[in-house]
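Analysis of the macromolecular model
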Amino acid sequence: MNDNLTENELHKIIERRSTGKTSFTEFLEELSQIGVVRYDINVATGQAAYKGEHSEVKTDPQVEFVISNDFNRNQAMQAIANITLPFLDFLRELAAAGVTTYNVDIIEKKATYAGIKGEQIVEPLQL
């Protein structure tokens, strides 16, 4: 696998996804092609850390969402089902459901959403 994470190339891939030019599946394929194996998202700020085998690129915070003090599993599942929403709308829904962070493991094809009190939802990725 290639591990040539460059900020410029990564931002182009993120931009295509955030403007709806690529699907979530295409987004993951493009990330994989440049060596990303996993990424972590802070729901409150929108800051992401894209990780390769030997490198990591972090994005700047984008928002300041307040995370609900109560984890609502059903509401979180509804938000997860709406992964096609624009990124910031998706984060807003997760924050309202009490989700603090999530990570996507491209190799293992799964996403893990963490609640405010350590609750977890693990979802297989449909690729």
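The coordinates are above.
In short, a report on the structure. (Residues numbered from 1 in each chain as written. Predicted model: local features only at pLDDT ≥ 70, side-chain atom pairs only at ≥ 80, totals over all residues. Heavy atoms only, no water.)

**Quick look at the nonpolar core**
When a protein is soluble and globular, its nonpolar side chains tend to lie buried together. Which entries qualify depends on this criterion: Here the nonpolar core consists of buried residues drawn from Ala, Val, Leu, Ile, Met, Phe, Trp, Tyr and Cys, with membership extended through side-chain atoms lying within 4.5 Å. The classification of residues rests on relative accessible area computed with a 1.4 Å probe and restricted to protein chains. Under 20% of the type maximum is buried, over 50% is exposed, and intermediate values are partly exposed. Whether two residues touch is decided by their heavy atoms; if any such pair falls within 4.5 Å, the residues are in contact.
In terms of nonpolar packing, the biggest core is built from 35 residues, with L28, L31, Y39, L94, Y102 and Y113 touching the most fellow members. For L94, the residues in contact, after removing those within four places along its chain, are V43, A76, A79, I80, V99, Y102 and Y113.

**What about the sheet that holds strand 5 (residues 110–115)?**
Put simply, the test is: Should DSSP find at least two bridges between two strands, the strands are regarded as paired. Each helix is a run of H or I in the DSSP string that is no shorter than four residues. Each strand is a run of E no shorter than two, and both are numbered from the N terminus. Where helices are involved, their axes are fitted lines through C-alpha atoms of the stretch in contact, as for all axes, and angles between N-to-C directions lie from 0 to 180°.
The strand order across the open sheet formed by six strands is 3-2-1-4-5-6, and the pairing between neighbours is antiparallel. A strand with exactly one partner marks an edge of an open sheet, and here the two such strands are strand 3 (56–58) and strand 6 (120–124). Taken over all neighbouring pairs, the strand axes of this sheet differ in orientation by 15° on average, direction set aside. Packing of helix 3 (residues 73–81) onto the sheet brings it into contact with strand 4 (99–105), strand 5 and strand 6, and relative to strand 6 it is tilted by some 30°. Packing against the sheet, helix 4 (residues 87–96) makes contact with strand 1 (38–42), strand 4 and strand 5, and its axis sits at approximately 125° to strand 4.

**Considerations on the packing of helix 1 (residues 7–18) against helix 2 (residues 24–33)**
Put simply, the rule is: Angle categories are assigned with fixed cut-offs, so that under 35 degrees is roughly parallel, over 145 is roughly antiparallel, 65 to 115 is roughly perpendicular, and the rest are oblique. Side-chain classes are defined by residue name, with Ala, Val, Leu, Ile, Met, Phe, Trp, Tyr, Cys and Pro counting as nonpolar, Asp, Glu, Lys and Arg as charged, and the others, Gly among them, as polar.
Packing of helix 1 against helix 2 leaves a shortest axis separation of 10 Å and a crossing angle of 175°. In terms of orientation, helix 1 lies roughly antiparallel with respect to helix 2. Residue-level contacts link L10, I13, I14, R16 and R17 of helix 1 to F24, F27, E30 and L31 of helix 2. Tallied by class, residues from the contact of helix 1 with helix 2 come to six nonpolar, no polar and three charged.

**Observations concerning the pattern of salt bridges**
Two side chains of opposite charge can pair, provided their charged atoms sit close to one another. For clarity, the cut-off: The rule for a salt bridge is simple: a side-chain nitrogen of Lys or Arg has to be within 4 Å of a carboxyl oxygen of Asp or Glu.
For the coordinates displayed, the defined rule picks out five salt bridges. With a closest N to O distance of 2.8 Å, D89 and R92 form a salt bridge. One end of the pair, D89, and the other, R92, are both in helix 4, three residues apart, so they sit about a helical turn from each other. Exposure remark for D89: the relative accessible area of 30% places this residue in the partly exposed category. K110 is the partner of E108 in a salt bridge, and the nearest nitrogen-oxygen pair spans 3.2 Å. Under the relative-accessibility criterion, K110 is labelled partly exposed at 29%. When salt bridges with common partners are traced through the structure, they connect R38, D40 and K51 into a single cluster.

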